[in-house]
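A structural walkthrough
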Amino acid sequence: STTDDIKKGLAGVIADSTAISKVNPETNSLLYRGYPVQDLAANLSFEAVAMLLWTGELPTDDELGAFTEYERSHRQLDPAVKNAIDLLPETCHPMDTARTAVSVMGARHPQAGDSDPDTELAKAQELFARFPAIVAYDQRRRRGLEPVEPRGDLTYAENFLWMVFGDEEHLAPPVVEAFEVSMVLYAEHSFNASTFTARVITSTLADLHSAVTGAIGALKGPLHGGANEAVMYTFDEIGVDRNESREQAAARAKAWMEDALAAKKKVMGFGHRVYKNGDSRVPTMKGALDAMVEHYERPELLGLYDGLEAAMDEAKSIKPNLDYPAGPTYHLMGFDTQMFTPLFIASRITGWTAHIMEQRANNSLIRPLAAYNGADQRAL
Ligand code: CMC
(Lines give C-alpha, C1' and ligand atoms only; values in the text may rest on other atoms or scores of the structure.)
Protein backbone atom coordinates (compact mmCIF):
# COMPACT_ATOMS: atom_id res chain seq x y z
CA SER A 1 0.00 0.00 0.00
CA THR A 2 1.30 3.44 -0.97
CA THR A 3 0.37 6.90 0.22
CA ASP A 4 -1.73 7.25 -2.95
CA ASP A 5 -4.09 4.58 -1.59
CA ILE A 6 -4.75 6.44 1.66
CA LYS A 7 -8.31 7.54 2.32
CA LYS A 8 -7.58 9.99 5.11
CA GLY A 9 -10.29 9.85 7.78
CA LEU A 10 -11.80 7.00 5.72
CA ALA A 11 -13.71 9.76 3.91
CA GLY A 12 -15.81 8.30 1.12
CA VAL A 13 -14.92 4.71 2.05
CA ILE A 14 -17.81 2.22 2.09
CA ALA A 15 -16.69 -0.09 4.89
CA ASP A 16 -19.66 -2.51 4.97
CA SER A 17 -23.40 -2.66 4.34
CA THR A 18 -26.11 -1.92 6.86
CA ALA A 19 -29.91 -2.29 6.92
CA ILE A 20 -30.35 -0.01 9.95
CA SER A 21 -30.39 3.47 8.47
CA LYS A 22 -29.86 5.24 5.18
CA VAL A 23 -28.34 8.69 4.98
CA ASN A 24 -28.93 10.35 1.63
CA PRO A 25 -27.15 13.70 1.38
CA GLU A 26 -28.51 14.36 -2.14
CA THR A 27 -32.14 14.26 -1.02
CA ASN A 28 -31.21 15.43 2.47
CA SER A 29 -33.03 12.51 4.03
CA LEU A 30 -32.45 10.03 6.81
CA LEU A 31 -34.38 6.78 7.06
CA TYR A 32 -34.41 4.42 10.04
CA ARG A 33 -35.24 0.94 8.70
CA GLY A 34 -36.92 2.67 5.75
CA TYR A 35 -38.97 5.24 7.67
CA PRO A 36 -38.18 8.99 7.41
CA VAL A 37 -36.82 10.15 10.74
CA GLN A 38 -39.01 13.26 10.86
CA ASP A 39 -42.14 11.06 10.55
CA LEU A 40 -40.92 8.81 13.35
CA ALA A 41 -40.18 11.85 15.54
CA ALA A 42 -43.67 13.26 14.91
CA ASN A 43 -45.62 10.05 15.44
CA LEU A 44 -43.78 7.46 17.54
CA SER A 45 -42.51 7.16 21.07
CA PHE A 46 -38.78 6.78 21.57
CA GLU A 47 -39.44 3.29 22.98
CA ALA A 48 -41.11 2.27 19.69
CA VAL A 49 -38.24 3.75 17.64
CA ALA A 50 -35.73 1.80 19.74
CA MET A 51 -37.60 -1.43 18.97
CA LEU A 52 -37.71 -0.55 15.27
CA LEU A 53 -33.94 -0.02 15.22
CA TRP A 54 -33.25 -3.31 17.01
CA THR A 55 -35.69 -5.59 15.18
CA GLY A 56 -36.12 -3.91 11.81
CA GLU A 57 -39.92 -3.63 12.12
CA LEU A 58 -42.37 -1.38 13.94
CA PRO A 59 -43.54 -3.16 17.10
CA THR A 60 -47.11 -4.39 17.38
CA ASP A 61 -49.13 -2.94 20.28
CA ASP A 62 -48.50 -6.13 22.26
CA GLU A 63 -44.76 -6.08 21.62
CA LEU A 64 -44.53 -2.40 22.54
CA GLY A 65 -46.62 -3.02 25.65
CA ALA A 66 -44.34 -5.84 26.80
CA PHE A 67 -41.19 -3.80 26.16
CA THR A 68 -42.66 -0.76 27.91
CA GLU A 69 -43.42 -2.89 30.94
CA TYR A 70 -39.87 -4.27 30.92
CA GLU A 71 -38.33 -0.80 30.51
CA ARG A 72 -40.39 0.67 33.35
CA SER A 73 -39.31 -2.07 35.74
CA HIS A 74 -35.57 -1.78 34.93
CA ARG A 75 -34.90 1.90 35.62
CA GLN A 76 -33.20 1.61 39.00
CA LEU A 77 -29.55 2.51 39.40
CA ASP A 78 -27.56 -0.58 40.42
CA PRO A 79 -26.06 0.24 43.88
CA ALA A 80 -22.65 -1.01 42.65
CA VAL A 81 -22.77 1.43 39.76
CA LYS A 82 -23.78 4.18 42.17
CA ASN A 83 -20.80 3.33 44.38
CA ALA A 84 -18.47 3.40 41.39
CA ILE A 85 -19.77 6.83 40.35
CA ASP A 86 -19.32 8.08 43.92
CA LEU A 87 -15.60 7.27 43.64
CA LEU A 88 -15.23 9.63 40.70
CA PRO A 89 -14.42 13.29 41.34
CA GLU A 90 -17.24 15.70 40.54
CA THR A 91 -14.69 17.57 38.44
CA CYS A 92 -14.52 14.70 35.93
CA HIS A 93 -16.52 15.12 32.77
CA PRO A 94 -19.99 13.49 32.86
CA MET A 95 -18.93 11.56 29.75
CA ASP A 96 -16.23 9.95 31.93
CA THR A 97 -18.92 9.06 34.46
CA ALA A 98 -21.07 7.54 31.74
CA ARG A 99 -18.18 5.59 30.20
CA THR A 100 -17.13 4.24 33.59
CA ALA A 101 -20.68 3.33 34.61
CA VAL A 102 -21.32 1.35 31.43
CA SER A 103 -18.01 -0.44 31.89
CA VAL A 104 -18.97 -1.36 35.47
CA MET A 105 -22.36 -2.61 34.26
CA GLY A 106 -20.54 -4.84 31.77
CA ALA A 107 -18.18 -6.22 34.39
CA ARG A 108 -21.11 -7.04 36.67
CA HIS A 109 -23.33 -8.57 34.01
CA PRO A 110 -24.02 -12.25 34.67
CA GLN A 111 -23.35 -12.99 31.00
CA ALA A 112 -20.35 -10.68 30.76
CA GLY A 113 -18.69 -12.27 27.77
CA ASP A 114 -21.68 -14.10 26.33
CA SER A 115 -22.90 -12.66 23.07
CA ASP A 116 -25.51 -14.88 21.42
CA PRO A 117 -28.30 -12.86 19.69
CA ASP A 118 -30.89 -13.20 22.47
CA THR A 119 -28.41 -12.27 25.20
CA GLU A 120 -27.22 -9.35 23.13
CA LEU A 121 -30.73 -7.94 22.59
CA ALA A 122 -31.51 -8.39 26.29
CA LYS A 123 -28.29 -6.56 27.21
CA ALA A 124 -29.16 -3.73 24.81
CA GLN A 125 -32.63 -3.36 26.28
CA GLU A 126 -31.33 -3.37 29.83
CA LEU A 127 -28.72 -0.73 29.02
CA PHE A 128 -31.41 1.37 27.34
CA ALA A 129 -33.63 1.15 30.44
CA ARG A 130 -30.92 1.75 33.03
CA PHE A 131 -28.80 4.45 31.39
CA PRO A 132 -31.01 7.49 32.19
CA ALA A 133 -30.58 6.85 35.94
CA ILE A 134 -26.80 7.23 35.47
CA VAL A 135 -27.20 10.63 33.81
CA ALA A 136 -29.79 11.74 36.36
CA TYR A 137 -27.69 10.63 39.32
CA ASP A 138 -24.60 12.39 37.98
CA GLN A 139 -26.45 15.63 37.15
CA ARG A 140 -28.00 15.73 40.62
CA ARG A 141 -24.82 14.90 42.53
CA ARG A 142 -23.07 17.78 40.73
CA ARG A 143 -25.82 20.05 42.07
CA GLY A 144 -25.58 18.59 45.58
CA LEU A 145 -29.03 17.01 45.23
CA GLU A 146 -30.32 13.61 46.34
CA PRO A 147 -31.29 11.13 43.60
CA VAL A 148 -34.94 10.94 42.57
CA GLU A 149 -36.60 7.53 42.30
CA PRO A 150 -37.95 6.52 38.87
CA ARG A 151 -41.72 6.55 38.37
CA GLY A 152 -43.41 3.58 36.72
CA ASP A 153 -46.39 5.69 35.58
CA LEU A 154 -44.23 7.78 33.25
CA THR A 155 -42.90 7.19 29.73
CA TYR A 156 -39.15 6.89 29.07
CA ALA A 157 -38.86 10.60 28.17
CA GLU A 158 -41.04 11.79 31.06
CA ASN A 159 -39.26 9.61 33.59
CA PHE A 160 -35.84 10.74 32.35
CA LEU A 161 -36.80 14.38 32.97
CA TRP A 162 -38.39 13.40 36.28
CA MET A 163 -35.25 11.65 37.55
CA VAL A 164 -33.05 14.59 36.53
CA PHE A 165 -35.21 17.48 37.76
CA GLY A 166 -37.69 15.89 40.17
CA ASP A 167 -40.46 18.38 39.40
CA GLU A 168 -43.77 18.52 37.57
CA GLU A 169 -42.72 21.55 35.49
CA HIS A 170 -40.46 19.35 33.40
CA LEU A 171 -43.37 17.05 32.67
CA ALA A 172 -45.15 19.84 30.75
CA PRO A 173 -46.08 18.32 27.35
CA PRO A 174 -44.01 20.73 25.19
CA VAL A 175 -40.87 19.96 27.23
CA VAL A 176 -41.40 16.20 27.09
CA GLU A 177 -42.13 16.38 23.35
CA ALA A 178 -39.00 18.38 22.57
CA PHE A 179 -36.89 16.01 24.66
CA GLU A 180 -38.39 12.94 23.02
CA VAL A 181 -37.85 14.41 19.54
CA SER A 182 -34.17 14.89 20.40
CA MET A 183 -33.94 11.27 21.53
CA VAL A 184 -35.44 10.01 18.25
CA LEU A 185 -33.19 12.24 16.11
CA TYR A 186 -29.98 11.31 17.92
CA ALA A 187 -30.73 7.57 17.86
CA GLU A 188 -28.98 6.43 14.70
CA HIS A 189 -26.81 7.77 11.92
CA SER A 190 -25.08 4.96 10.02
CA PHE A 191 -21.26 4.64 10.20
CA ASN A 192 -20.47 7.73 12.27
CA ALA A 193 -17.28 7.65 14.39
CA SER A 194 -18.81 6.19 17.56
CA THR A 195 -20.92 3.58 15.76
CA PHE A 196 -17.92 2.55 13.69
CA THR A 197 -15.92 2.27 16.93
CA ALA A 198 -18.60 -0.02 18.34
CA ARG A 199 -18.46 -2.13 15.19
CA VAL A 200 -14.64 -2.33 15.25
CA ILE A 201 -14.74 -3.55 18.86
CA THR A 202 -17.52 -6.04 18.09
CA SER A 203 -15.57 -7.32 15.08
CA THR A 204 -12.95 -8.73 17.47
CA LEU A 205 -15.81 -10.72 19.10
CA ALA A 206 -15.64 -8.60 22.26
CA ASP A 207 -18.87 -8.16 24.24
CA LEU A 208 -21.58 -5.49 23.91
CA HIS A 209 -20.60 -3.44 26.98
CA SER A 210 -17.00 -3.21 25.74
CA ALA A 211 -18.26 -1.92 22.39
CA VAL A 212 -20.59 0.63 23.98
CA THR A 213 -17.88 1.79 26.42
CA GLY A 214 -15.54 2.40 23.47
CA ALA A 215 -18.31 4.15 21.52
CA ILE A 216 -18.85 6.55 24.43
CA GLY A 217 -15.16 7.45 24.27
CA ALA A 218 -15.50 8.22 20.54
CA LEU A 219 -18.65 10.26 21.11
CA LYS A 220 -17.03 12.50 23.70
CA GLY A 221 -14.90 14.56 21.30
CA PRO A 222 -16.14 17.91 19.99
CA LEU A 223 -15.90 16.81 16.35
CA HIS A 224 -18.64 14.29 17.16
CA GLY A 225 -21.10 14.25 20.08
CA GLY A 226 -19.18 16.76 22.18
CA ALA A 227 -20.30 19.39 19.68
CA ASN A 228 -23.69 19.88 21.38
CA GLU A 229 -21.88 20.94 24.56
CA ALA A 230 -19.42 23.08 22.57
CA VAL A 231 -22.28 24.95 20.86
CA MET A 232 -23.42 26.20 24.25
CA TYR A 233 -19.93 27.46 25.07
CA THR A 234 -20.10 29.53 21.87
CA PHE A 235 -23.41 31.00 23.00
CA ASP A 236 -21.89 31.68 26.44
CA GLU A 237 -18.83 33.30 24.90
CA ILE A 238 -20.97 35.62 22.80
CA GLY A 239 -22.98 36.25 25.93
CA VAL A 240 -26.66 35.63 26.39
CA ASP A 241 -28.43 38.86 27.35
CA ARG A 242 -32.06 38.31 28.25
CA ASN A 243 -32.87 42.01 27.88
CA GLU A 244 -31.80 42.49 24.29
CA SER A 245 -33.92 42.06 21.18
CA ARG A 246 -33.50 39.24 18.68
CA GLU A 247 -32.00 41.72 16.20
CA GLN A 248 -29.40 42.99 18.68
CA ALA A 249 -28.43 39.43 19.63
CA ALA A 250 -28.16 38.46 15.94
CA ALA A 251 -25.87 41.41 15.21
CA ARG A 252 -23.51 40.46 18.05
CA ALA A 253 -23.52 36.81 16.93
CA LYS A 254 -22.68 37.85 13.36
CA ALA A 255 -19.71 39.91 14.56
CA TRP A 256 -18.49 36.99 16.72
CA MET A 257 -18.70 34.60 13.77
CA GLU A 258 -16.79 36.96 11.50
CA ASP A 259 -13.98 37.20 14.06
CA ALA A 260 -13.96 33.42 14.63
CA LEU A 261 -13.74 32.66 10.91
CA ALA A 262 -11.07 35.32 10.39
CA ALA A 263 -9.10 33.54 13.14
CA LYS A 264 -9.64 30.24 11.21
CA LYS A 265 -11.56 28.68 14.10
CA LYS A 266 -13.75 25.64 13.61
CA VAL A 267 -17.16 26.60 14.90
CA MET A 268 -18.82 23.66 16.62
CA GLY A 269 -22.32 22.72 15.52
CA PHE A 270 -21.59 23.51 11.86
CA GLY A 271 -20.52 21.25 9.03
CA HIS A 272 -20.81 17.53 8.47
CA ARG A 273 -18.71 14.83 6.84
CA VAL A 274 -21.66 13.44 4.89
CA TYR A 275 -24.18 16.28 4.50
CA LYS A 276 -22.72 19.19 2.60
CA ASN A 277 -26.04 21.00 2.05
CA GLY A 278 -27.56 20.76 5.50
CA ASP A 279 -28.19 18.03 8.06
CA SER A 280 -31.52 16.27 7.47
CA ARG A 281 -32.30 16.28 11.20
CA VAL A 282 -31.91 20.01 11.75
CA PRO A 283 -35.38 21.25 10.65
CA THR A 284 -37.13 18.86 13.08
CA MET A 285 -34.78 19.71 15.95
CA LYS A 286 -35.09 23.44 15.18
CA GLY A 287 -38.86 22.99 15.59
CA ALA A 288 -38.22 21.54 19.05
CA LEU A 289 -35.93 24.46 19.90
CA ASP A 290 -38.57 26.95 18.72
CA ALA A 291 -41.11 25.25 20.99
CA MET A 292 -38.74 25.55 23.96
CA VAL A 293 -37.95 29.20 23.18
CA GLU A 294 -41.68 29.89 23.25
CA HIS A 295 -42.28 27.78 26.36
CA TYR A 296 -39.50 29.46 28.34
CA GLU A 297 -40.01 32.88 26.68
CA ARG A 298 -36.39 33.27 25.57
CA PRO A 299 -36.53 34.83 22.07
CA GLU A 300 -33.08 36.41 22.39
CA LEU A 301 -31.55 32.91 22.11
CA LEU A 302 -33.00 32.65 18.60
CA GLY A 303 -31.28 35.95 17.80
CA LEU A 304 -27.92 34.35 18.57
CA TYR A 305 -28.95 31.18 16.74
CA ASP A 306 -30.05 32.99 13.56
CA GLY A 307 -27.11 35.39 13.64
CA LEU A 308 -24.49 32.64 13.77
CA GLU A 309 -26.26 30.53 11.16
CA ALA A 310 -26.65 33.42 8.70
CA ALA A 311 -23.06 34.60 9.15
CA MET A 312 -21.65 31.09 8.60
CA ASP A 313 -23.82 30.61 5.54
CA GLU A 314 -22.77 33.95 4.09
CA ALA A 315 -19.06 33.43 4.74
CA LYS A 316 -18.60 29.73 3.95
CA SER A 317 -21.99 28.24 2.95
CA ILE A 318 -21.58 25.74 5.80
CA LYS A 319 -24.86 24.64 7.39
CA PRO A 320 -25.68 23.70 11.00
CA ASN A 321 -25.72 20.06 12.11
CA LEU A 322 -28.05 18.43 14.67
CA ASP A 323 -25.92 19.54 17.61
CA TYR A 324 -26.56 23.19 16.79
CA PRO A 325 -30.27 23.28 17.71
CA ALA A 326 -29.91 20.47 20.29
CA GLY A 327 -27.44 22.37 22.51
CA PRO A 328 -29.63 25.40 23.26
CA THR A 329 -32.71 23.15 23.55
CA TYR A 330 -31.12 21.18 26.40
CA HIS A 331 -29.89 24.43 27.95
CA LEU A 332 -33.41 25.85 28.03
CA MET A 333 -34.67 22.67 29.68
CA GLY A 334 -32.20 23.28 32.49
CA PHE A 335 -29.49 20.66 31.91
CA ASP A 336 -25.92 21.64 32.81
CA THR A 337 -23.95 22.13 29.59
CA GLN A 338 -21.62 19.21 30.37
CA MET A 339 -24.63 16.88 30.54
CA PHE A 340 -25.63 17.41 26.89
CA THR A 341 -23.43 14.69 25.38
CA PRO A 342 -24.50 12.03 27.92
CA LEU A 343 -28.06 12.72 26.69
CA PHE A 344 -26.81 11.90 23.19
CA ILE A 345 -25.51 8.56 24.60
CA ALA A 346 -28.91 7.71 26.08
CA SER A 347 -30.37 7.98 22.61
CA ARG A 348 -27.50 6.52 20.54
CA ILE A 349 -27.37 3.38 22.72
CA THR A 350 -30.18 2.20 20.44
CA GLY A 351 -28.27 2.71 17.18
CA TRP A 352 -24.98 1.45 18.60
CA THR A 353 -26.49 -1.76 19.91
CA ALA A 354 -28.42 -2.36 16.67
CA HIS A 355 -25.09 -2.05 14.81
CA ILE A 356 -23.33 -4.31 17.31
CA MET A 357 -25.92 -7.02 16.63
CA GLU A 358 -25.73 -6.48 12.88
CA GLN A 359 -21.92 -6.65 12.92
CA ARG A 360 -21.91 -9.84 14.96
CA ALA A 361 -24.49 -11.51 12.73
CA ASN A 362 -22.25 -11.09 9.67
CA ASN A 363 -18.82 -10.53 11.13
CA SER A 364 -15.46 -9.91 9.58
CA LEU A 365 -12.57 -8.55 11.64
CA ILE A 366 -12.14 -4.83 10.85
CA ARG A 367 -8.45 -4.42 10.29
CA PRO A 368 -7.28 -1.95 7.63
CA LEU A 369 -3.76 -1.37 6.36
CA ALA A 370 -1.41 1.57 6.78
CA ALA A 371 1.10 3.06 4.35
CA TYR A 372 4.36 3.06 6.29
CA ASN A 373 6.16 6.41 6.21
CA GLY A 374 8.79 5.90 8.94
CA ALA A 375 12.53 5.32 8.67
CA ASP A 376 13.83 2.82 6.11
CA GLN A 377 15.18 -0.44 7.48
CA ARG A 378 18.45 0.24 9.34
CA ALA A 379 20.99 -1.75 11.29
CA LEU A 380 21.13 -1.55 15.08
N1 CMC B 1 -16.30 25.77 11.19
C2 CMC B 1 -15.47 26.38 10.32
N3 CMC B 1 -15.06 25.81 9.19
C4 CMC B 1 -15.50 24.57 8.93
C5 CMC B 1 -16.36 23.89 9.78
C6 CMC B 1 -16.76 24.53 10.95
N7 CMC B 1 -17.57 23.93 11.81
N8 CMC B 1 -16.64 22.68 9.27
C9 CMC B 1 -15.97 22.59 8.11
N10 CMC B 1 -15.28 23.73 7.90
C11 CMC B 1 -14.42 24.05 6.76
C12 CMC B 1 -13.04 23.48 6.99
O13 CMC B 1 -12.22 24.40 7.65
C14 CMC B 1 -12.59 23.20 5.59
O15 CMC B 1 -12.20 24.43 4.99
P16 CMC B 1 -10.91 24.51 4.06
O17 CMC B 1 -11.22 23.60 2.91
O18 CMC B 1 -10.85 25.94 3.75
O19 CMC B 1 -9.80 24.00 4.92
C20 CMC B 1 -13.88 22.76 4.88
O21 CMC B 1 -14.95 23.37 5.62
C22 CMC B 1 -14.07 21.24 4.89
O23 CMC B 1 -14.01 20.81 6.24
P24 CMC B 1 -13.43 19.46 6.76
O25 CMC B 1 -13.02 19.62 8.17
O26 CMC B 1 -12.41 18.93 5.80
O27 CMC B 1 -14.68 18.54 6.65
P28 CMC B 1 -14.85 17.16 7.34
O29 CMC B 1 -15.82 16.42 6.54
O30 CMC B 1 -13.57 16.50 7.65
O31 CMC B 1 -15.43 17.62 8.77
C32 CMC B 1 -16.65 17.97 10.66
C33 CMC B 1 -16.67 17.40 9.25
C34 CMC B 1 -17.98 17.65 11.30
C35 CMC B 1 -15.53 17.30 11.46
C36 CMC B 1 -16.42 19.49 10.60
O37 CMC B 1 -17.42 20.09 9.86
C38 CMC B 1 -16.31 20.09 11.98
O39 CMC B 1 -15.26 20.08 12.60
N40 CMC B 1 -17.46 20.65 12.52
C41 CMC B 1 -17.49 21.15 13.87
C42 CMC B 1 -17.74 20.02 14.85
C43 CMC B 1 -19.17 19.52 14.87
O44 CMC B 1 -20.09 20.31 14.87
N45 CMC B 1 -19.33 18.20 14.90
C46 CMC B 1 -20.64 17.55 14.93
C47 CMC B 1 -20.82 16.72 13.71
S48 CMC B 1 -22.47 16.18 13.36
C49 CMC B 1 -23.30 15.52 14.67
C50 CMC B 1 -22.52 14.68 15.62
O51 CMC B 1 -21.81 13.76 15.26
O52 CMC B 1 -22.66 14.97 16.80
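This one's a predicted model, so the numbers in the text were calculated from it and none came from an experiment.

1. Description of the pairing of strand β2 (residues 29–32)
- In β2, alternate side chains face the same way, and those of L30 and Y32 are buried while those of S29 and L31 on the opposite face are not.
- Counting the residues in the hairpin turn of strand β1 (residues 21–24) and β2 gives four residues, including N28, whose phi is positive at 50°.
- Where β2 and strand β3 (residues 35–36) come together, two bridges link them in antiparallel fashion. The residue of β3 that forms the bridge with Y32 is Y35.
- Connecting the antiparallel pair β2 and β3 is a turn made up of two residues, with R33 showing a positive phi of about 50°.

2. A word on the domain arrangement of the protein chain
- Taken domain by domain, the protein chain consists of domain 1 (21–222 + 342–361) and domain 2 (227–333).
- Spacing between the C-alpha centres of domain 1 and domain 2 amounts to 26 Å.
- Taken together, the contacts link 19 residues of domain 1 with 22 residues of domain 2.
- Contributing elements (two or more residues each) for the side of domain 1 that touches domain 2: β2, α1 (37–43), α8 (173–186) and α16 (340–361).
- Of the residues forming the side of domain 1 that touches domain 2, the biggest block, eight residues, is contributed by α8.
- Split by residue class, the side of domain 1 that touches domain 2 holds 15 nonpolar, four polar and no charged.

3. Comments concerning the nonpolar core
- Judged by nonpolar contacts, the single largest core of 102 residues is most densely connected at V49, L53, I134, V135, L161, V184 and V212.
- Counting contributing residues per domain, this core is built from domain 1 (21–222 + 342–361) and domain 2 (227–333), each supplying no fewer than three.
- In contact with L53, not counting residues within four places along its chain, are I20, Y32, R33, A187, E188, T350, G351 and A354.

4. Considerations on helix α7 (residues 156–165)
- Taken across its ten residues, α7 has nine buried, putting it largely inside the fold.
- All of the buried residues along α7 are Y156, A157, N159, F160, L161, W162, M163, V164 and F165.
- Positive backbone phi, approximately 60°, marks G166, located one or two places after α7.

5. Observations regarding unusual backbone geometry
- Its identity as a non-glycine residue notwithstanding, S190 has a phi of 60°, on the positive side.
- Relative to the elements of secondary structure, S190 occurs in the loop between α8 and α9 (193–203).
- Classification of S190 by C-beta neighbours within 10 Å gives partly exposed; the count is 15.
- Although it is not a glycine, E297 adopts a positive phi angle of roughly 50°.
- Taking the number of C-beta atoms within 10 Å as the measure of exposure, E297 has 8 and is therefore exposed.

6. Quick notes on the UniProt feature "active site" (unreviewed entry) in the protein chain
- Summarizing the sequence annotation, UniProt attributes the feature "active site" (unreviewed entry) to H272 and D323 in the numbering used throughout. Across 52 residues of sequence, these annotated residues stay compact in space, with a maximum C-alpha separation of 10.7 Å.
- Among the structural elements, H272 can be located in the loop between α12 (246–262) and α13 (282–296).
- Those residues within four positions of H272 in sequence are excluded, and the remaining contacts are D279 and N321.
- Look past the residues within four positions of D323 in its chain and what remains in contact with it is A227, N228, V231 and G269.

7. Observations regarding the site of the ligand
- Taken together, 20 residues surround the ligand, and among them A227, F270, G271, R273 and N321 come closest.
- Grouping the constituent residues of the shell around the ligand by class yields eight nonpolar, eight polar and four charged.

8. Description of the sheet that holds β1
- In space, the three strands of this open sheet follow the order β1-β2-β3, with antiparallel pairing throughout. Each edge of the sheet is formed by a strand with only one pairing partner; in this case those strands are β1 and β3.
- Relative to β2, β1 is paired through four bridges, and the arrangement is antiparallel. Paired with S21 across the strands is Y32, a residue of β2.

Calculation notes
- Residues numbered from 1 in each chain as written.
- Predicted model: local features only at pLDDT ≥ 70, side-chain atom pairs only at ≥ 80, totals over all residues.
- Buried ≥ 20, exposed ≤ 12 C-beta atoms within 10 Å, placed from the backbone.
- Helix = DSSP H or I, 4+ residues; strand = E, 2+ residues; numbered from the N terminus.
- Pairing = 2+ DSSP bridges.
- Domains from an automatic or database assignment.
- Contact = placed C-beta atoms within 7 Å.
- Nonpolar A, V, L, I, M, F, W, Y, C, P; charged D, E, K, R; others polar.
- Core = buried A, V, L, I, M, F, W, Y, C linked by C-beta atoms within 7 Å.
- UniProt positions renumbered as here; feature names shortened; annotations may be inferred.
- Near = placed C-beta within 6 Å.

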